Amino acid sequence: MMKIQTETAHIENNRIILPSNDDEVREALLAGDICIFHDVFPQDLCLIAKKSAIEWAKNTPAHEPEKETPPSRIDNWHRYDNNPVKSQTPHIFHAYNFNNLMELPAPIQYPLQMLFQPMIDLQNRLAGTTGDLQNLEADHILHPQIVHYPVGGGYFGRHEHPFEPQKFGLIVSLSQKGEDFETGATLYYNDQEKALDLDDHQKCGSLTIFRYDIPHAVTVIDSDKDLNFDHISGRWSAILPYY
């Protein structure tokens, strides 16, 4: 039976130190539990990471899928998605894709490295993957991504991913409910199609880990407000796809 496990964790030397050993966490994840570790990343780093993504996007034209060929798997790019017609899963968000993070300007790159490098280490430890930020020629590579669900309607419909090769999904919360947004939550669905609501568990700086093939969704963010992609308010997440 799926359940939420919450504990605290911390970072030492770019390595996330879990309160339990990696084998125990892996076993819980494979059984379908959702593991949330609080206080992993400092809130000031979360804020700097958001501002870095915004600053980079100001000087980088947004990708327009209707007009342009798709970016390559090693390009850095961003895109505003407002229920795109061709998408299999309905969604409204602004995605910042840092496929070649090491090529970013140093002031942008550094805080993003501080965020993603510990995530990469933990991903590799739990899943047995070998991703790193330097090797862009491998069959499977990392795709560091920051996703902004804006107030006024940001959301991501129910979806799921193949279990392999990633095995586990990592989500770092870069925003705080009650400060950056008021309504909207992450949902996970069990075998009985019952939704498990993480609304009161995810906090700014926390890390959520889940088995990658569990169906999940992000419900609408502050539907009573006007849609605003250009404000730092809203729900922000850092994720680490590997494919």
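Thresholds applied
- Residues numbered from 1 in each chain as written.
- Predicted model: local features only at pLDDT ≥ 70, side-chain atom pairs only at ≥ 80, totals over all residues.
- Heavy atoms only, no water.
- Buried < 20%, exposed > 50% of the residue type's maximum accessible area, 1.4 Å probe, protein only.
- Helix = DSSP H or I, 4+ residues; strand = E, 2+ residues; numbered from the N terminus.
- Pairing = 2+ DSSP bridges.
- Core = buried A, V, L, I, M, F, W, Y, C linked by side-chain atoms within 4.5 Å.
- Contact = heavy atoms within 4.5 Å.
- Salt bridge = Lys/Arg side-chain N within 4 Å of Asp/Glu carboxyl O.

Chemist: Mind laying out the pairing of strand β12 (residues 207-211), listing which residues take part and the relevant values?
Modeler: Taken across its five residues, β12 has four buried, putting it largely inside the fold. Here strand β4 (residues 34-38) runs beside β12; their pairing, made up of three bridges, is antiparallel. What sits directly across from Phe-37, in β12, is Leu-207. In this structure, strand β9 (residues 168-173) lies alongside β12, joined through five bridges in antiparallel fashion. Residue pairing for β12: Leu-170 is matched across the bridge by Ile-209.

Chemist: A description of the nonpolar core should follow, citing residues and the corresponding values.
Modeler: Core analysis: the biggest nonpolar cluster contains 43 residues, and Leu-115 and Ile-146 have the highest contact counts within it. Contributing elements (two or more residues each) for this core: α1 (22-30), β4, α2 (43-58), β6 (91-98), α3 (106-127), β9, β12 and β14 (235-239).

Chemist: Describe the environment of Cys-204, with residues and values.
Modeler: Relative to the helices and strands, Cys-204 is located in the loop between β11 (195-197) and β12. Distance in space between the C-alpha atoms of Cys-204 and Lys-58 is 24 Å, their sequence separation being 146 residues. Beyond its immediate stretch of four places on either side in the chain, Cys-204 contacts Gln-43, Cys-46, Ser-173, Leu-174, Ser-175 and Gln-176.

Chemist: Before we move on, could you go through the pattern of salt bridges and cite the residues and values that matter?
Modeler: Any two side chains of opposite charge can pair if their charged atoms end up close together. Tallying each qualifying case throughout the model produces 11 salt bridges. With a shortest N-O distance of 2.8 Å, Arg-125 and Asp-121 are connected by a salt bridge. One end of the pair is Arg-125 and the other is Asp-121, both in helix α3 and four residues apart, which spans about a single turn. Residue Arg-125 is classed as buried on the basis of its relative accessible area of 17%. By relative accessible area, Asp-121 is classed as partly exposed at 22%. Residue Arg-211 pairs with Asp-213 through a salt bridge whose shortest N-O separation is 2.7 Å. Judged by relative accessible area, Arg-211 falls into the partly exposed class, the value being 23%. Through salt bridges with shared partners, one network takes in Arg-15, Asp-22, Asp-121 and Arg-125.

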